[in-house]
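# Structural overview
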Amino acid sequence: MKALVVVGNGMAGMACLEHILKYSPRFAVTVFSDETHVNYNRVLLSSVLAGEKDADDIVINGLEWYQKHDIDLRVGVRIVDVDARAKTVTGNDGHVTPYDTLLLAMGSSPWFPPIAGLDKDGVFAFRTLDDTRALLRRAGRQTRAVVIGGGLLGLEAARGLQVQGCHVTVVHLMDTLMERQVDPCGGVYLRSKIEELGVNVLLGRTTTAILGGETVTGVELSDGSTLEADLVVVAAGIRPNVELGRKAGLTVNRGIVVNDLMETSDPDIFAVGECTEHNEICYGLVAPLFEQGKVLAATITGNTGPTYTGTVQAAKLKIMGVDVFSAGEWADGTGVEPVRYEDPALGVYKKLALRDGKLAGVILVGDAGDSHRYMEWLRSGADLTAQRRQLLFPPPSADAGLDVAEMAESATVCGCVGVTKGTIIRAIHENGVNTLSQLKETTRASTGCGSCTSLCQDLLRAVAPEFEEEVKKVICGCLPFAEDRLREILRSARLKSVQEVLEIYGNGPGCEVCKPALSYMLDMLWCGDHDEDRSARFINDRVHANIQKDGTCSVIPRIRGGVTSAAELRRIADVADKYHVPMVKITGSQRIDLLGVKKEDLPKIWADLDMPSGQAYTKGVRMVKTCVGTDFCRFGTQDSTAVGIELERRFEQLFTPHKVKMAAVGCPRNCAEATVKDIGLVGQEGGWQVVVGGAAGKSVRKADLLTTVETSEAALEAAELFFQYYRESANYLERTYDFVERFGIEKVRKETVYAPEIVRQGLRDRFARSKARAVDPWLEGREPKHPTQFIPIQPLEKVNA
Ligand SMILES: Cc1cc2nc3c(=O)[nH]c(=O)nc-3n(C[C@H](O)[C@H](O)[C@H](O)COP(=O)(O)OP(=O)(O)OC[C@H]3O[C@@H](n4cnc5c(N)ncnc54)[C@H](O)[C@@H]3O)c2cc1C
Ligand code: SF4
């Protein structure tokens, strides 16, 4: 078997190798990587930095893939020499490896402009997983971060650092952010969106020096001003790694020169990815590299035929939650007719550049929903003269499928992972894929930045036979509407009672499925100001108790934050004795459960207990688990107990789409498991991380980072925004972990903590109105004789002082 040596274990090299493995003849493959990880998705490093994904989540091919294909993977070895005559490569460990065929896939390296002080502790690049981990170790609350470079990488770094709680300033040499992707006008839109999110942007300035002793303390700018900084990220550009190409005697310009068959000037040496140059272009995005890999796999295995003729330069990105799409030649110039649309209030900017009646280039900021249509026009070179009026505003299509049907099979749908329309269509036809989550699992499409999600859904809608039913699941036969549609109907028709809705829109008297769902929606929509019909609720809600399998009930008094008092414990013990409660149990959520209670004793028991109900029977707030925090724990950085109690007090007694479990911990040791709760507050030195969508039940999911804030009140407010948003947007019986996954944390952030103030105020107002009307069913109509007393703890204000 011939020996194939691959230098570089990155995205282009391994995507190409995946194709090579599908062909014969087989090679004995050795892969060298100077990184120490298996092949991972570099595009998603931004998501790792932003706390949305773990390193494990971005692995493309795990160790088992290399084993399965007998690939000899040598990580941590840098190839330092190539002898093209002897056909060997030499590693920095001194080892010499012979090859019959050599594949160079070394990618690029960050470019560092000539700035004094780049060697100081606290200066970072943003290219590898190790860079990302180092940044995460350094970034924290109130860390002052300066990002040098306002291109794609710089803005991605800025976003991640900002989510980690840093105060971020982006310094960019040009007058426009991402000037390679957007024109000055688009740049203004992009800048204002990014500044809205709290990132400071300085344009038209260079960094002249990094200040500080051994460690960074600031940067000096070309206008003479200085910025204080605890860390600096240099994202000023990349340079193809061509050194080995030169050593092998290959033709090298900016990159290693390849022809349309992806051959270099040596018949036994091939190259792919960012280290190459094709037709004088060095690509820096993944989509072209995947196309190159397919062609090269055919060439290298002797199945010569497909050629690589270049890729329309297109970038579809989600920069800090802002959709940006740019493709082709969009610059103004002779013979170019620009077509523009701007809506400053919505933050939407679109520009098309036409040449000879054909689309030459496009820029979309703030709304990239139509990007595939423009991409298709660019690829096909279609004459658009007859469609001039509809270029920016296409007529509504009777069938969403018509639009995507026009896309070429080879068109890339998911740029992050390199999934084409053809792959998606095959997955639908051959693997029976019908839902977005099945599509994600089968093809990995839409698992990256999420900007292709709607396109994937359009494809599913057009091709998958059962898609419509899956996604637009109607409530039940009695109410044949999807939930979002039903919410619209209830709102616009101002319907306030379950019976009314069923009479007007239902088929029959309603059932166990639609009545509780309707009850919830009405309660949520009208902030409690609706006609409550207890008989429409679930049985547990009707009797306000958890009915156990033997017909008895369980009673769980609310013990906020798990903190109780001797008096409360005495009352609980007295109740247990008086009513012969067969079991008293401490639950996994720091509560006390009286099990085996007779239904008829419930009113008397609750009156004797004189404690608020823990509402363990309803779809609502269950509990807030807390650790001891600053008061008693030597590691505590925040008063998790006080904050947890306050969190529970604010959210209790409100109905939610499904149960909500929460926790607050005083430090990242996470003793009360906040990172696997629906909402978790994790204390940090100088602030809090607010995490959402975690679970540790039937599903296990690490919560996503919503935001990092400085004060306890800000943490409670962020949690409140998410809580109300979940109440209003999730489907009934959808847990937060499914909801956050379905919406994507970027969207959740954008519509809660990073939403315009008017939107946040709306969420806060509706929450407050609902809370004002919420009642404890067991205390209704009477004042508690023993208002809850707590062990004295630090008041919130003191924690934030
Ligand atoms: C943070 C970040 C975000 C990005 N976001 C996007 C995006 O949204 N959309 C998009 O299209 N693209 C994006 N990109 C670009 C994309 O990741 C690259 O285009 C792609 O990874 C290039 O693939 P490659 O295989 O050519 O190089 P790489 O993935 O860099 O792989 C090359 C590998 O070879 C190793 N290597 C180099 N020299 C040697 C040697 N001598 N010996 C052994 N090993 C060696 C390198 O360490 C590296 O592991 C992003 C990049 C980064 C860093
Ligand atoms: S999470 Fe931290 S503060 Fe809380 S008990 Fe554990 S170690 Fe202490």
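Relevant structure appears above.
First things first, this report covers the structure right here in the doc.

Calculation rules
Along each chain, numbering runs from 1 in the same order as the chain's sequence is written. Following the order in which they are written, the chains are lettered starting with A and the ligands numbered starting with 1. This being a predicted model, a pLDDT of at least 70 is required before a residue's local features are given, and a value of 80 or more before pairs of side-chain atoms are given or counted; all residues contribute to the totals for chains, interfaces and linings. The side-chain quantities take in all heavy atoms of the structure and omit both hydrogens and water. Strands are runs of DSSP state E lasting at least 2 residues, helices are runs of H or I lasting at least 4, and numbering of each runs from the N terminus. Counted as a polar contact is a pair of N or O atoms within 3.5 Å, where, for protein atoms, one must be capable of donating a hydrogen and the other of accepting one, and residues adjacent in sequence contribute only when both atoms are in side chains. Every residue pair with non-hydrogen atoms within 4.5 Å of one another is taken to be in contact. Working convention: axes come from line fits to C-alpha atoms, limited for helices to the stretch in contact. Angles between N-to-C directions cover 0 to 180 degrees. In these notes the angle categories are as follows: under 35 degrees is roughly parallel, over 145 is roughly antiparallel, 65 to 115 is roughly perpendicular, and the rest is oblique. Take the far helix as your reference; a near helix turned counterclockwise from it by less than a right angle gives a left-handed crossing, and one turned clockwise gives a right-handed crossing. Classification used: nonpolar for Ala, Val, Leu, Ile, Met, Phe, Trp, Tyr, Cys and Pro, charged for Asp, Glu, Lys and Arg, polar for all others including Gly. At least two bridges found by DSSP between two strands is the condition for calling them paired. Residue types Ala, Val, Leu, Ile, Met, Phe, Trp, Tyr and Cys, when buried and joined through side-chain atoms within 4.5 Å, form a set referred to as a nonpolar core. Exposure categories follow from relative accessible area, calculated using a 1.4 Å probe and restricted to protein chains: below 20% of the type maximum is buried, above 50% is exposed, and the middle band is partly exposed. A helix is expected to span 1.5 Å multiplied by its residue count minus one.

## Concerning the side chain of Thr 420
Relative to the helices and strands, Thr 420 resides in strand β29 (residues 419–420). Of the polar contacts made by the side chain of Thr 420, one reaches the side chain of Thr 423; its length is 2.9 Å. Here Thr 420 is in contact with Lys 294, Glu 409, Ser 410, Ala 411, Thr 412 and Val 413, once residues within four sequence places are set aside.

## Digging into the packing of helix α15 (residues 483–492) against helix α17 (residues 514–525)
At their nearest, the axes of α15 and α17 sit 11 Å apart, and the two run at 55° to each other. In terms of axis orientation, α15 runs oblique to α17. In this structure, the crossing between α15 and α17 has a hand that is right-handed. Two secondary-structure elements touch here, α15 through Glu 483, Leu 486, Arg 487, Leu 490 and Arg 491 and α17 through Leu 518, Met 521, Leu 522, Met 524 and Leu 525. Across the contact of α15 with α17, the residue classes tally to 7 nonpolar, no polar and 3 charged.

## A few points about the sheet that holds strand β37 (residues 660–665)
Taken in spatial order, the 5 strands make up an open sheet running β36-β37-β38-β39-β42, and their pairing is mixed. In this open sheet, the two strands that pair with only one neighbour each are β36 (621–626) and β42 (704–709). When strand polarity is set aside, the average angle formed by the axes of neighbouring strands in this sheet is 15°. As paired elements, strand β39 (residues 687–692) and β42 share 5 bridges and run antiparallel to each other. In the sheet register, Val 690 faces β42, and the bridge partner there is Thr 707.

## With respect to the nonpolar core
It is characteristic of soluble globular proteins that their nonpolar side chains tend to be buried jointly. Counting residues in each nonpolar core, the largest one holds 49 residues, and the members touching the most others are Leu 4, Leu 17, Ile 20, Leu 102, Leu 103, Leu 104 and Ile 256. For Leu 102, the residues in contact, after removing those within four places along its chain, are Val 5, Val 7, Val 82, Val 89, Asp 268, Ile 269 and Phe 270. If you look at the next biggest cluster of nonpolar residues, it comprises 48 residues, including Leu 197, Val 660, Ala 674 and Val 690.

## Thoughts on helix α21 (residues 640–651)
Taking 1.5 Å of rise per residue, 12 residues should cover 16 Å, and α21 covers 16 Å from first to last C-alpha, within 8% of that figure. The buried fraction of α21 is high, at 11 of 12 residues. Looking one or two residues beyond α21, the residue adopting positive phi is Gln 653, at roughly 70°.

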